[in-house]
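Descriptive structure summary
Okay, here's what each chain looks like letter by letter:
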Amino acid sequence: MCRHLAYLGPTVPLAALLLDPPHSLLRQSWAPRDMRGGGSVNADGFGVGWYAPGAAAPVRYRRDCPIWTDTALPPLAAATSAGAVLAAVRNATVGMPVTETAAAPFAEGPWLFSHNGVVAGWPDSVAGLAATLPVRDLMTLDAPTDAAFLWALVRHRLRSGADLEKSIVDTAAAVIDAAPASRLNLLLTDGRT
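Description of the structure in this document. All chains use their own residue numbering, which begins from 1 and follows the written sequence. In keeping with the model being predicted, local features are shown solely for residues with a pLDDT of at least 70 and side-chain atom pairs are shown and tallied solely at 80 or more, while totals for entire chains, interfaces and linings include all residues. For side-chain calculations, the full set of non-hydrogen atoms in the structure is used, while hydrogens and water are omitted.

1. A short note on the sheet that holds strand β7 (residues 183–189)
- Should DSSP find at least two bridges between two strands, the strands are regarded as paired. Helical segments are the DSSP runs of H or I of at least four residues, strand segments are the runs of E of at least two, and each set is numbered from the N terminus. With respect to topology, 3 strands assemble into an open sheet ordered β5-β6-β7, the strand pairing being antiparallel. Unpaired on one side and paired on the other, β5 (106–108) and β7 mark the two borders of the sheet. Recorded for the sheet is a direction-independent mean angle of 20° between the axes of neighbouring strands.
- Two strands pair when backbone bridges link them, and strand β6 (residues 111–118) and β7 are joined in this way by 7 bridges, in the antiparallel orientation. Within β7, the residue paired with His115 across the bridge is Leu186.
- Note on contacts: a residue pair qualifies if any of its non-hydrogen atoms lie within 4.5 Å across the two residues. Helix axes are fitted to C-alpha atoms over the stretch in contact, other axes to C-alpha atoms as well, and angles between N-to-C directions run from 0 to 180 degrees. Taken strand by strand, helix α6 (residues 146–159) contacts β5, β6 and β7, and its axis lies near 140° from that of β6.

2. A word on the environment of Ile168
- With respect to the helices and strands, Ile168 occurs in helix α7 (residues 164–178).
- Using a 1.4 Å probe on the protein chains alone, a residue whose accessible area is under 20% of its type maximum counts as buried, one over 50% counts as exposed, and one in between counts as partly exposed. On the basis of relative accessible area, Ile168 is assigned to the buried category, the value being 18%.
- Taking the C-alpha atoms as reference, Ile168 lies 32 Å from Thr69; in sequence the two are 99 residues apart.
- If near-sequence neighbours (up to four positions away) are discounted, Ile168 is found in contact with Phe113, Val154, Leu186 and Leu188.

3. A closer look at a nonpolar patch on the surface
- Within this analysis, patches are made of residues with over 30% relative accessible area and no salt bridge. Like charges are joined at 9 Å or less; nonpolar side chains (Val, Leu, Ile, Met, Phe, Trp, Tyr) at 5 Å or less. Methods summary: accessible areas were calculated by the Shrake-Rupley approach with a probe of 1.4 Å, and residue burial reflects only the protein chains presented. Within this document, salt bridges are pairs made up of a side-chain nitrogen of Lys or Arg and a carboxyl oxygen of Asp or Glu, the two lying within 4 Å of each other. Taken together, Trp30, Val41 and Trp68 make up a surface patch of nonpolar side chains, about 300 Å² in accessible area.
- Note that Trp68 resides in the loop between β3 (59–63) and α3 (73–79).

4. A look at the sheet that holds strand β4 (residues 81–89)
- Strand order in the open sheet formed by 4 strands is β1-β4-β2-β3, with antiparallel pairing between adjacent strands. Each edge of the open sheet carries a strand with a single partner, namely β1 (3–13) and β3. This sheet shows a mean twist of 10° between the axes of neighbouring strands, independent of strand direction.
- With 5 bridges connecting them, strand β2 (residues 46–50) and β3 associate as antiparallel partners. Of the residues in β3, the one forming a bridge with Phe46 is Arg63.

5. So, the packing of α6 against α7
- α7 packs onto α6 with a crossing angle of 135° between their chain directions and a minimal axis gap of 9 Å. The pairing of α6 with α7 is recorded here as oblique in orientation. When the axes of α6 and α7 are compared, the crossing they make is right-handed. In contact with Leu150, Leu153, Val154, Arg157 and Leu158 of α6, α7 contributes Leu164, Ser167, Ile168, Asp170, Thr171, Ala174 and Val175.
- Three classes are used: nonpolar for Ala, Val, Leu, Ile, Met, Phe, Trp, Tyr, Cys and Pro, charged for Asp, Glu, Lys and Arg, and polar for all others, with Gly counted as polar. Within the contact of α6 with α7, the residues separate by chemical class into 8 nonpolar, 2 polar and 2 charged. Small angles under 35 degrees read as roughly parallel and large ones over 145 as roughly antiparallel, with 65 to 115 read as roughly perpendicular and the rest as oblique. Crossings are sorted by hand: turned counterclockwise from the far helix by less than a right angle, the near helix makes the crossing left-handed, and turned clockwise it makes it right-handed.

Structure (C-alpha cells):
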C-alpha cells in the first residue's frame, strides 16, 4: 500500500517533512517495519506537491522510481520551503502501471489529491460510477489506476462547486457503496485547507 502525508502550517523546507525525520516518508518507503505484517516497500514512484508563497496553483514533482534513488530530490527538498505540502510514495497494486503519471499527488488548478489504499474489485466494481463522469475525464485520466479514477470523481465534484470536505466525503461514500471492501485514505488540499 502507498504512504502519504499532508502538511499545513508554518513554512518549512520540504526536506524537514520528506527526508530528515527519523520516520520520514523516505525512510518509510524502504523500511516499513511499523506496518502490520512487515509492510511492503514503496518502490513504484513518488511525488510531492507544494504551494509557493503567493502562487495560485501548486508546484508538483513526480517520478516513476523509488524516492531513495532520485538524486535530484535531496537538493530540491533542501532548497524549497512551503507551508502546504502533499506527498506520497507508491506501491502499485498488481496489474496497475508503474509510470510517473500514476504517482500522487494528482493536481488541477489549486488542488492536490492523494489516495492510499485500494478500490476493491477494480475496475468492474466502480464501472457504474465511471458512467457518471464526463467521457473526456475518463479519456484523459492521468493513468489507468484506481487512484487516478478516484481523483477524477473528486475533481468532478470540485468542478461542480462542492467544497473540499463534501467532495471527499461524497466520493468515499459512493465508492464504498459500490465496492464495500475498498480501503480509502484520501488527502485533498487547496493549499489553505
